[in-house]
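# Structural features, examined
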Amino acid sequence: MSIQWFPGHMNAARKKAAETMENTDLVIEVLDARIPQASCNPMVEQLRTFRQRPCLKILNKSDLADPHATKAWLEFYNAQKGVKAVAMSCKKPADVAKVPGYALEMAPHRGVPTKPLRMMIMGIPNVGKSTLMNALLKKRVANVGDEPAVTKVQQRLYLGKNMILTDTPGMLWPKIQHPTDGLMLAASHAIGVNALIEEEVATFLAELLLQRYPQFLSTRYGFSTEGIDAVSVIEAVAKKRAYRLKGGDWDFEKAAHTLLLDYRSGALGRVSLETPASREHLLATYVPPVLLGQGKSVDTGMMEDALEDEEE
């Protein structure tokens, strides 16, 4: 299953972000620590590198992610030029309180009343940007919700006299290149429910859990994972929770929803769906679909169209 989700307001947000980037000193990109690269919007990278802006990457929800995987991701990002990566939970005030200091370290020529540090907070939907904004300003200035795409427009706010924050709507990109990225984003609740089938997303998640965290499934639901496949995991959840339909069949839809909720909330344990090593393997083995007779991949063509729109 290939999942795509690009509501109309995201296209307008993308164009507005391109305009605002010109007068920005630092990009604060909020990522999901469980899927850092899958949740990294390539359009954000294109915009900031075109303007040569440094980037503070915040791996949010690190309290839900596998700490070993998070450590590897921090090393991966901190090796990149113009990038500083930190792991935190934007729900923890002590973690968020460190962000202004990180920002000033990356733009030491700004941060005084005559030259305030201008920062853009960017990221995909439902990754924690609004939570970060509210925590930084210590008041509710951005709507926070459990559904993706709560923020629809930019807003500009002052953090003391020396810093200006621009909060941007959550943006995906027109064509998600790797199908597994779409599934990871869907599992992590970054994509609207109208664009996915939960049973298929949960089956994908179950397969990953069987490979990397089988003990979490056994501990949470009380069944053995020996010799079972992903579909059997969903069925086992239904049996253990006694989820039945009126006719007596097992309720796979409810079981799939339960598995996804338990992953998203951390009830399963600290799970990361990708690592730098798994990402490298994905890129090395991925073969893009090709448009018949044109010799161009569907995904590459869509990204070229997006880039052309940026330049206009």
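Right, let's walk through the structure included here. This is a predicted model, so every value here is computed, not measured.

Turning to the overall build of the protein, a few remarks are in order. Each helix and strand counted, the protein has 13 helices and six strands in total. Counting every position in the protein, which comprises 312 residues, the buried fraction comes to 53%. Within the protein, contacts between residues separated by at least 24 positions form 69% of all contacts whose residues are at least 6 apart in sequence. On the protein, roughly 14,800 Å² of surface is accessible, and the fraction owed to carbon and sulfur atoms is 53%.

Quick look at the packing of aromatic side chains now. Following the criterion strictly, the structure yields five aromatic pairs and no others. When the ring of Phe76 is compared with that of Tyr77, the centres are 5.1 Å apart and the planes differ by 75 degrees; the resulting orientation is edge-to-face. In this structure Tyr77 comes out as buried when scored by relative accessible area, which is 1%. Ring centres of Tyr221 and Phe223 lie 6.1 Å apart, and the angle between their planes is 10 degrees; this geometry places the pair in the stacked category.

Pairing is possible between side chains that carry opposite charge, provided their charged atoms lie close to one another. Within the structure shown, the criterion is met by twelve salt bridges. The residue Glu75 makes a salt bridge to Lys71 at a minimum N-O spacing of 2.9 Å. Taken as a pair, Glu75 and Lys71 lie in helix 3 (residues 67-78) at a separation of four residues, close to a single helical turn. One connected set of salt bridges, linked through shared partners, spans Glu29, Glu45, Arg48 and Lys57.

Here we take up the nonpolar core. Ile28, Ile58, Leu132, Leu185, Leu217, Leu259 and Leu273 are the most contacted members of the largest nonpolar core, which totals 70 residues. Residues contacting Ile28, with those up to four places away along its chain left out, are Leu56, Ile58, Val99, Met119, Met120, Ile121, Met122 and Leu132.

Consider a sheet: its strands pair through backbone hydrogen bonds, and that pairing is either parallel or antiparallel. Strand order in the open sheet formed by six strands is 3-2-1-4-6-5, with mixed pairing between adjacent strands. At either end of the open sheet lies a strand with only one pairing partner, and these are strand 3 (83-87) and strand 5 (155-159). For this sheet the average axis-to-axis angle between neighbouring strands, irrespective of direction, equals 25 degrees. Across five bridges, strand 2 (residues 55-60) lies against strand 3 in parallel orientation. Bridging from a neighbouring strand, Leu56 pairs with Lys84 of strand 3. Across the sheet, helix 2 (residues 42-50) is in contact with strand 1 (26-32), strand 2, strand 3 and strand 4 (117-123); its angle to strand 1 comes to roughly 165 degrees. Of the strands in this sheet, strand 1, strand 2 and strand 3 touch helix 3, which is tilted by about 165 degrees from strand 3.

For strand 6 (residues 163-167), a buried count of five out of five residues is recorded, marking the element as mostly surrounded by other parts of the structure. Alternating positions in strand 6 separate into two faces, Met163, Leu165 and Asp167 on one and Ile164 and Thr166 on the other, with burial throughout. Note: strand 4 against strand 6, five bridges, orientation parallel. Bridge assignment links Ile121 to a residue of strand 6, and that residue is Asp167. The pairing of strand 5 with strand 6 spans five bridges and is antiparallel. Across the sheet, the residue bridging to Gln155 is Asp167, located in strand 6.

The next point concerns the packing of helix 8 (residues 198-212) against helix 9 (residues 214-221). The relative placement of two packed helices is expressed as an angle between their axes plus a distance between the axes. In the contact formed by helix 8 and helix 9, the axes pass within 5 Å of each other and the chain directions differ by 110 degrees. Our classification of the angle between helix 8 and helix 9 gives roughly perpendicular. Only Pro214, Gln215 and Leu217 of helix 9 make contact with helix 8, whose side of the interface consists of Leu209, Leu210, Gln211 and Arg212. Of the residues contributing to the contact of helix 8 with helix 9, the split by class is four nonpolar, two polar and one charged.

On to the pairing of strand 1. Where burial is concerned, most of strand 1 is hidden: seven out of the seven residues are buried. On strand 1, burial covers both faces: Leu26, Ile28, Val30 and Asp32 on one face and Val27, Glu29 and Leu31 on the other are all buried. Bridging between strand 1 and strand 4 involves five bridges; their strand directions are parallel. Bridge pairing in strand 4 links Val27 to Met120.

Another aspect to go through is the state of the cysteines. Tallied over the entire structure, the rule returns zero disulfides. Here Cys55 is not disulfide-linked; the sulfur of Cys40 is the nearest cysteine sulfur, at 7.5 Å.

Burial runs high along helix 6 (residues 129-137): seven of the nine residues are buried. Turning to helix 6, its buried residues number three or more, namely Lys129, Ser130, Leu132, Met133, Asn134, Leu136 and Leu137. Just downstream of helix 6, Lys138 is the residue with a positive phi angle, here 60 degrees.

Phi at Lys61 is positive, roughly 65 degrees, even though this residue is not glycine. By the element assignment, Lys61 lies in the loop between strand 2 and helix 3. Of note, the phi angle at His189 is positive, near 70 degrees, even though the residue is not glycine. Mapped onto the elements, His189 comes out in the loop between helix 7 (179-187) and helix 8.

What counts and how
Residues numbered from 1 in each chain as written. Predicted model: local features only at pLDDT ≥ 70, side-chain atom pairs only at ≥ 80, totals over all residues. Heavy atoms only, no water. Helix = DSSP H or I, 4+ residues; strand = E, 2+ residues; numbered from the N terminus. Buried < 20%, exposed > 50% of the residue type's maximum accessible area, 1.4 Å probe, protein only. Contact = heavy atoms within 4.5 Å. Areas by Shrake-Rupley, 256 points an atom, 1.4 Å probe, with all protein chains shown as cover. Phe/Tyr/Trp six-rings, centres within 6.5 Å; stacked < 30°, edge-to-face > 60°. Salt bridge = Lys/Arg side-chain N within 4 Å of Asp/Glu carboxyl O. Core = buried A, V, L, I, M, F, W, Y, C linked by side-chain atoms within 4.5 Å. Pairing = 2+ DSSP bridges. Axes fitted to C-alpha atoms, helices over the stretch in contact; angles between N-to-C directions. Parallel < 35°, antiparallel > 145°, perpendicular 65-115°, else oblique. Nonpolar A, V, L, I, M, F, W, Y, C, P; charged D, E, K, R; others polar. Disulfide = S-S within 2.5 Å.

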